[in-house]
Each structure stands twice: as structure tokens, then as C-alpha cells.
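# Coordinate inspection notes
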Amino acid sequence: MTGSVSKQQIPVNGQDRRWIKGKEAVWWSVSGNATLPRIGPLVLHLVLMSQPNVMGDLKERVAHGMCAMAYPPGFLVIPMRSAAVHPFSTTNLLVFDPPRENTAGKVHEMYLAKDAVGVPPVSAMDRSQSNNGVLTEVNGDCLVVDPGAMPGIAQQQLATIINALEGQLLVFLTHHHRDHVEGLSIIEQHKPEALVLGHKETLRRIGNVGRKLVKHCVGRGTSITIRNETLLVVPAAGHTIGHLALFHVPTRILVAGDHCTGEGTILLDDRSGGDMEDYGNTTIMFMDLQARVLIPMHGQPSFCPGVMLRMYRKHPIDRESRILSAIRRGANTVYTIVADAYADTPVPRWPSAGRNVLLHVKLLHKKERLPEASERAVKVCLYFDVCILVNFWLS
Ligand SMILES: [Zn+2]
């Protein structure tokens, strides 16, 4: 369809609609300015298909023929087969390679310049608290987040992707789980000069993976600058100890690691410092960031992060009260608590639920909310029910 664009509002079904230019749609989508109208992802997809010059050639150059989402300019999300746990089988590899001049530069410059002012202060990130041994600034030419590709085709694809990236490569790890770091060996092989960035707990826990790569600790307030664009490191404990997220201020894109997933509910790792209280605090801090897009490492990005995060805030609170009710009714082992408080959850997911129960009970105990009569029994359950969990997995 062709024609000239009018500023005139057209009332349709009682609501004002009007035609807009493709570039304007892209600008509304990439801007972190909350006062601009939102553009739905499907509409944006259609707009972008007709405007390849706006988006640059990142997808074609880096992930040719692969399933990937390029949004907004410079960001590429590529689901890669990994050792992720059910219901997922892939981990999203995020590539950040901002458009260079003469490609998609125009729109990109536009949002960088406009958003240099007018972005609300990010109170949740206090740069003054950076500790010794933690880098405060890192520079590179391109960035990948969570290379969790498993051996086989996925790692061949990872090799193709990183070989297509030019200049100093930075590799950011949100946490140490195998499905987020298994591809480091490929990076070690193909880009031995890459710098690996992660929380000190993450770097300690990955052990010998990517042994020859240079690794640096990052944390609260570290800024990672890729050419002239900066992402801020945000502490996001809860899923594991030392779990980190990234925030791109101009577009208000939040790379949330495993704090949220595109499907299902939360899963914390009780064996790696997962903590229900930290999880709740991180969720509140994420809400304060007022992200416009949230990219989880499993499943689809969310274009309504506020709605998603409210669900992630409400769900553990509801579950905690159900667990407390189950305990009041006499449940005093992980199994009996799960059978009661997770009766609505499919049985194959009960082992994971059991791990969350351990963390909920730990928090209830800390808050002194456990009924006195049940406290001893529940404490016993905290120490001994790990064996029951093993039985769950074997059955
Ligand atoms: Zn994880």
C-alpha cells in the first residue's frame, strides 16, 4: 500500500488511529521513553521486514539461516540448543553488536541522542558500591551473553556466530549453570583473546570451563561499553548466588538471565545459593527499572515486562501462603508439602517444586512464621528431605 502519511487521527471503533511512518514506528519501539505509544511486536515485525536498512545486517551477517530475533538495532537473540532443564531445551544467546556507521546508523543515533536526556534516574544501581577486584568499566567491540550451546550442531553454530563478530569480544555470564557456559570452550578455541566477565561466584564455580580465557569479576555498577554504547551490570541474586543481569538504558532493555523465563514459573537453585528473599528483592528492583523489553535466557522476550514481573512477584507470595497452610494442616516433609501446596502442578514438575519448597520453608523459618508445633519437624525436613528429592528424580 502506498500513499502520503497524514497526521490526522481516524476514529475507529471509538479509538483514535492514524498512519505512521516506518521509521517513527521503529523509534517508538526502541525508545526508552515511557510516554511514547507502544508498538506491538507483530506490527513491528511487519514494519521491520519492509525496512531492512533501518535494522542493519546483524542477523544476516552473524546468524544467517538461524532462528533469531533482531530487536532493536544491535541486539540479536538466538535460541541455542543447550543442557537447559525441562520445559526448555535451548538457552538464548544474546549478541550485542551495535550498528556501525553507514548501515543502520541513522535511527540508532537518533535514539541515543534523544535518550541521553529524559531517562529517569536508575536509583536501583548505585555505582559507588563497587568493590575491590570488581571492574568498574570494560570496553569492547561486541558482546555475547551466556554462550550455553551444547556440543554438536549448536556449538558449530556458536563458532559461526563468534567468527562473524569483529574486534574485541566480551563474554558476559549471568550465572554459572552449565546451560549458560558450556560454549566457552568454543570461544576459547575460536576467539582466545575474548574477555569473560562474571560475578566472582560465577567465575569460581565454572572451574576449568574455558580455562585459557582471561576472566574478570564484574558486579554492581560495572559499565560495559561496546563501542559508544553502555550496558550496566545489575546484581540480580535469587536464582543463584552471584546471578547478574544487564540493563541498556537508552532502550530500557533488561537482560534478566534466569530470573524470569518465557514460560512457566520460577526455579531457584537451592544448591548454589538460590534464595527466596533475594529473589523477591531482585524482582522489586527489576520493576523499579521500568524496562520496556525483558529478555530472559529461556523462552521468548517479554514486551510487557511490568506485567510479567508483577506475576513473578505475586506467584512466590501466593505459593508461600499455600505452603504455610499445608504446614498448618500437618504436612512436615517436602513430599507432603508439595503434594498439598502444588496439587495444581503436574507431577513431573514436583522435584523442582520440592527445591522451591526448601527455600520457602527456609524463609518462613527466618521470618519466624512457622507454627511452633511444626517447627522441629520442618527443620528436620530441611536437612533430610534432599534424599526424598533424589527419589523423586529416580522415580
Ligand atoms: Zn540457571
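Residues numbered from 1 in each chain as written. Predicted model: local features only at pLDDT ≥ 70, side-chain atom pairs only at ≥ 80, totals over all residues. Heavy atoms only, no water.

## A few points about the coordination of the zinc ion
For a metal with four donors in a tetrahedral arrangement, the ideal angle between donors is 109.5 degrees, while six donors in an octahedron ideally sit at 90 or 180 degrees. Every protein donor of the zinc ion is accounted for by His-175 (NE2), His-177 (ND1), His-239 (NE2) and Asp-258 (OD), and the metal-donor separations fall at 2.2 to 2.4 Å. Because the angles between the four donor atoms bound to the zinc ion fall within 87 to 172°, the donor set is best described as irregular. Counting residues between consecutive donors of the zinc ion along the chain gives the motif H-x1-H-x61-H-x18-D. Of this pair, His-239 sits in the loop between strand 12 (229–235) and strand 13 (244–248) while Asp-258 sits in the loop between strand 14 (253–257) and helix 10 (276–289), and the two are 19 residues apart along the sequence. There is no split in this pair, since His-239 and Asp-258 are both buried. (Donors = N, O, S within 2.8 Å, 3.2 Å for Na, K, Ca; no water. Tetrahedral: all angles 85-135°; square planar, octahedral: opposite > 155°, others 65-115°. Helix = DSSP H or I, 4+ residues; strand = E, 2+ residues; numbered from the N terminus. Buried < 20%, exposed > 50% of the residue type's maximum accessible area, 1.4 Å probe, protein only.)

## Quick word on helix 13 (residues 350–366)
Here helix 13 contains 17 residues, and its C-alpha end-to-end distance of 24 Å stays within 8% of the 24 Å for a straight helix at 1.5 Å per residue. Summarising burial for helix 13: 13 of the 17 residues are buried, a large majority. (Expected span 1.5 Å × (residues − 1).)

## Concerning the environment of Ala-341
In this fold, Ala-341 is placed in helix 12 (residues 334–341). Counting along the chain gives 20 residues from Ala-341 to Ser-321, while the straight-line C-alpha distance between them is 8.9 Å. When neighbours within four sequence positions are excluded, Ala-341 is seen to be in contact with Arg-319, Arg-322, Ile-323 and Ala-326. (Contact = heavy atoms within 4.5 Å.)

## Topic: the nonpolar core
Core analysis: the biggest nonpolar cluster contains 31 residues, and Ile-78, Leu-169, Val-171, Leu-184 and Ile-187 have the highest contact counts within it. Counting residues per element, this core draws most heavily on helix 6 (residues 153–163), which supplies five residues. In this structure, Ile-78 is in contact with Ala-63, Met-66, Cys-67, Ala-68, Thr-91, Asn-92, Leu-93, Val-95 and Ile-161, ignoring residues within four places of it in sequence. Among the nonpolar cores identified, the runner-up in size contains 25 residues, and Leu-195, Ile-226, Val-233 and Ile-295 belong to it. (Core = buried A, V, L, I, M, F, W, Y, C linked by side-chain atoms within 4.5 Å.)

## Here we look at the sheet that holds strand 8 (residues 169–172)
The strand order 3-4-5-7-8-9-10 describes an open sheet built from seven strands, whose pairing is mixed. Either end of the sheet is taken by a strand with one partner, and the two such strands are strand 3 (69–70) and strand 10 (214–217). Relative to strand 8, strand 7 (residues 142–145) runs parallel, the two sharing four bridges. Among the inter-strand pairings, Val-145 is bridged to a residue of strand 8, identified as Phe-172. Taken strand by strand, helix 6 contacts strand 4 (75–81), strand 5 (90–96) and strand 8, and its axis lies near 160° from that of strand 4. (Pairing = 2+ DSSP bridges. Axes fitted to C-alpha atoms, helices over the stretch in contact; angles between N-to-C directions.)

## Regarding the pairing of strand 11 (residues 223–226)
Regular strands show a simple pattern: their side chains alternate between the two faces of the sheet. Here strand 11 shows a buried face lined by Ser-223 and Thr-225 and a second buried face lined by Ile-224 and Ile-226. Across four bridges, the pairing between strand 6 (residues 137–140) and strand 11 is parallel. Bridged to Val-138 within strand 11 is Ile-224. Alignment of strand 11 against strand 12, held across four bridges, turns out to be antiparallel. Paired with Thr-225 across the strands is Thr-230, a residue of strand 12.

## Examining the layout of surface pockets
Quantified by volume, the largest pocket comes out at close to 960 Å³. Along the wall of the largest pocket there are 41 residues; nearest its centre are Val-85, His-86, Pro-87, Leu-267 and Ser-352. Those elements that place two or more of their residues in the lining of the largest pocket are helix 7 (178–181), helix 11 (305–328) and helix 13. Counting residues per element, the lining of the largest pocket draws most heavily on helix 13, which supplies six residues. Residue composition of the lining of the largest pocket, by class: 18 nonpolar, 13 polar and ten charged. Among the domains, domain 1 (55–303) and domain 2 (316–394) are the pair contributing at least three residues each to the lining of the largest pocket. (1 Å grid on protein atoms, 1.4 Å probe; cavity = no way out; pocket = protein on both sides within 12 Å on 5 of 7 lines; lining within 4 Å. Points joined across faces, edges and corners; volume = space filled by probe spheres on them. Nonpolar A, V, L, I, M, F, W, Y, C, P; charged D, E, K, R; others polar. Domains from an automatic or database assignment.)

## Thoughts on the side chain of His-298
Assignment of secondary structure puts His-298 in the loop between strand 15 (293–296) and helix 11. A polar contact of 2.9 Å, which involves the side chain of His-298, links it to the backbone oxygen of Thr-90. Residues contacting His-298, with those up to four places away along its chain left out, are Ala-84, Phe-88, Thr-90, Thr-91, Asn-92, Asp-179, His-180, Asp-258, Thr-261 and Gly-262. (Polar contact = N/O pair within 3.5 Å; in protein donor to acceptor, adjacent residues only side chain to side chain.)

## As for the sheet that holds strand 6
Here six strands make up an open sheet; going across it, the order is 6-11-12-13-14-15 and the pairing mixed. Looking at strand neighbours, the two that pair on one side only are strand 6 and strand 15, the edges of this open sheet. Averaged over all neighbouring strand pairs, the angle between strand axes comes to 20°, with direction disregarded. Sheet topology places strand 14 next to strand 15; four bridges connect them, and they run parallel. By the bridge assignment for strand 15, Leu-254 is matched with Leu-294.

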